[in-house]
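Residues per chain are reported as follows:
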Amino acid sequence: MPSQTYAMSIGGRDVAGVEHIEVINPADGQVFATAPNCTPEQMDEAIAAARAAQPAWAALPFEERRARVVALAQILSDNQDLLMHLLTREQGKPHAAATGEIMGAAHWFQSAADLALPVEVLEDTDERRTETRRVPLGVVGAILPWNFPVLVFAFKVIPALLAGNTIVAKPSPYTPLTTLEVGRLFAKALPPGVLNVISGGDDLGRWVTEHPGIDKIGFTGSTATGKRIVRAAADTMKRLTLELGGNDAAIVLPDVDVEAVAQALFWGAFGNTGQVCVAAKRVYVHADIYDAFAKAMIDYAATVTIGDGAQQGVQLGPVQNRMQFDRVNSLIADSQALGHKVHSIGQVPDGDGYFVPVTIVDNPPDDARVVVEEAFGPVLPLLRFHAVDEVVARANATDYGLAGSVWSADLDLAATIAAHLQCGTVWINTIQDSPPATPIAGHKQSGLGVENGAAGLLEYTNAQTVVLRKRPAAQPA
């Protein structure tokens, strides 16, 4: 039986669950803790606490709200070791990556010092002044993913609180624990009800989305779930920011340093065991260097250690949950059944953990499942191309449009290719290089709205235009 239980944060109080959900360590497949399974009544209590706290929080000067949000960075830093161990145990990522996520979130909170809410003066004459300012929405419901539960928590909490909203956050049922702990730590530093964290199964996300007391949903996750959120939010006209799935293309031109780019794209594809929304999920390599590039990536993959993230020296951990483990294996099995050339690289531990070797599929057809579908795991197709126009068309032939990358010594050509890619972010000679000020926006079915930076902050506000007449209007004769 699990020996650890965790509490929700509601109205500044620790609240235990009436029922519980089990939390599994993906490195061994065993239950090691339980989290509260929030009831509808407890959810109502959390939303009511957020609504009660919102007017006073919004009434604080922006500079004071910003100072309180920035101060949350120190709480993460002070507790990084505790949070790192917990994150590795529930998510699977190695200790170094877990520390990177915790401290990355701290950096994001610190970056709030650079954000401000604009006031745009549209007209200022002797007769009239017209300005547009930004006002809070009310209560934000944040629904979080299991791949980066703490970092994405920061993505939602920072703009919500800066803008004068209060928040009810729901972590994934696969990775609730670190977010619950962060919520408890943060709740002690904020007025009661400003930040509430509740946990539970998939029903809880639907309840939060449908609840009339929630004014906005911020969600990161799959496109399929995002579509359900759009439908569920329609009756109450909730505002939405949705960062959804991707099938990001990387384009490698023949003038690159093959060894260096192969290593960079290995981590761009397989970091966090491939469980990254903006991972390279299709790598198009020019025919002139295709064989050399494939060999370089396969050779490098053989040097990477796969295992329990809690063990020293491990670089890639398990797939986070059984459902995703089965999905990834189904993609591999499909390619094998169709006769694709499949390279499985690296030793995986024996036992019940959700381990998948690094898997590279050598030049499958464009209609293969491994090319068309988002794997969200350690599976990558390498695809041969001959001409720029051809590869741009193939890269754009997807319903997704989250991100992409172009690799070339010819920066002008790379920039031209980038301008023709149908996605929200394009990196040139780098990947996943997005500091806090950088907006993230999915095109096509990869999302709605913008996350992060000044544009992301505005997503958590309404525009309000104020027209002030300085002189009385002339009366009709």
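A brief look at the structure comes next.

**Observations concerning helix H9 (residues 258-270)**
Each full turn of the α-helix corresponds to 3.6 residues, which orients residues three or four apart in the same direction.
Link 1 in the chain: Its 13 residues place the ends of H9 18 Å apart at the C-alpha level, agreeing with the 18 Å of an ideal helix rising 1.5 Å per residue.
Link 2 in the chain: Those residues of H9 not exposed but buried are Val258, Val261, Ala262, Leu265, Phe266, Gly268, Ala269 and Phe270.
Link 3 in the chain: Among the residues trailing H9, Asn272 stands out with phi positive, at a value near 55°.

**Section: the environment of Ala287**
Link 1 in the chain: By the secondary structure assignment, Ala287 is in the loop between strand E14 (280-286) and helix H10 (290-301).
Link 2 in the chain: Of the residues examined, Ala287 reaches a relative accessible area of 21% and is grouped as partly exposed.
Link 3 in the chain: Along the sequence, Ala287 and Val121 sit 166 residues apart, while their C-alpha atoms lie 55 Å from each other.
Link 4 in the chain: Contacts of Ala287, omitting those with residues within four sequence positions, involve Arg384, Phe385 and His386.

**Notes on empty space enclosed by the protein**
Link 1 in the chain: A full pass over the atoms with the stated rule returns four cavities of 30 Å³ or more.
Link 2 in the chain: Size it by volume and the largest cavity reaches roughly 100 Å³.
Link 3 in the chain: Of all the elements in the fold, those that place two or more residues in the lining of the largest cavity are strand E13 (248-252), helix H13 (388-396), strand E18 (400-401) and strand E19 (403-407).
Link 4 in the chain: Of the residues belonging to the lining of the largest cavity, the class tally is seven nonpolar, six polar and three charged.

**Overview of the sheet that holds strand E4 (residues 19-25)**
Link 1 in the chain: Ordered by their spatial adjacency, three strands build an open sheet running E1-E5-E4, and the pairing between neighbours is mixed. Each edge of the sheet is formed by a strand with only one pairing partner; in this case those strands are strand E1 (4-5) and E4.
Link 2 in the chain: Note that E1 and strand E5 (residues 30-37) share two bridges and pair parallel. Bridging across to E5, Gln4 finds its partner in Ala33.
Link 3 in the chain: With respect to the sheet, helix H6 (residues 177-187) is in contact with E4 and E5, its orientation differing from that of E5 by roughly 45°.

**Quick word on the pairing of strand E17 (residues 379-385)**
Link 1 in the chain: Of all seven residues that make up E17, six are buried, and the element is covered over most of its length.
Link 2 in the chain: Looking at chain direction, E14 and E17 are connected through four bridges and run parallel. In the strand pairing of E17, Val283 is matched with Leu382.
Link 3 in the chain: Sheet topology places strand E16 (residues 358-362) next to E17; four bridges connect them, and they run parallel. Along E17, the bridge assignment pairs Thr359 with Val379.

**Here's the deal with the side chain of Thr220**
Link 1 in the chain: Mapped onto the elements of the fold, Thr220 is located in strand E11 (residues 216-220).
Link 2 in the chain: A relative accessible area of 2% means that Thr220 is categorised as buried.
Link 3 in the chain: One polar contact links Thr220 to Lys156, side chain to side chain, over a distance of 2.7 Å.
Link 4 in the chain: Contacts of Thr220, omitting those with residues within four sequence positions, involve Ile143, Leu144, Pro145, Val152, Lys156, Glu243, Cys277 and Glu451.

**Overview of the pattern of salt bridges**
Side chains carrying opposite charge are able to pair once their charged atoms draw close together.
Link 1 in the chain: Evaluation of the coordinates by the stated rule reveals 21 salt bridges.
Link 2 in the chain: A salt bridge links Arg129 to Asp124; the nearest nitrogen and oxygen atoms lie 3.0 Å apart.
Link 3 in the chain: By relative accessible area, Arg129 is classed as partly exposed at 26%.
Link 4 in the chain: Among the salt bridges present, the one from Arg206 reaches Asp203, with a minimum N-O distance of 3.5 Å. With Arg206 and Asp203 both in helix H7 (residues 202-210), this residue pair falls three residues apart, about one helical turn.
Link 5 in the chain: Assessed through its relative accessible area of 39%, Arg206 is described here as partly exposed.
Link 6 in the chain: Here the residues in one salt-bridge network are Asp124, Arg129, Glu131 and Lys470, joined through shared partners.

Cut-offs and rules
- Residues numbered from 1 in each chain as written.
- Predicted model: local features only at pLDDT ≥ 70, side-chain atom pairs only at ≥ 80, totals over all residues.
- Heavy atoms only, no water.
- Helix = DSSP H or I, 4+ residues; strand = E, 2+ residues; numbered from the N terminus.
- Expected span 1.5 Å × (residues − 1).
- Buried < 20%, exposed > 50% of the residue type's maximum accessible area, 1.4 Å probe, protein only.
- Contact = heavy atoms within 4.5 Å.
- 1 Å grid on protein atoms, 1.4 Å probe; cavity = no way out; pocket = protein on both sides within 12 Å on 5 of 7 lines; lining within 4 Å.
- Points joined across faces, edges and corners; volume = space filled by probe spheres on them.
- Nonpolar A, V, L, I, M, F, W, Y, C, P; charged D, E, K, R; others polar.
- Pairing = 2+ DSSP bridges.
- Axes fitted to C-alpha atoms, helices over the stretch in contact; angles between N-to-C directions.
- Polar contact = N/O pair within 3.5 Å; in protein donor to acceptor, adjacent residues only side chain to side chain.
- Salt bridge = Lys/Arg side-chain N within 4 Å of Asp/Glu carboxyl O.

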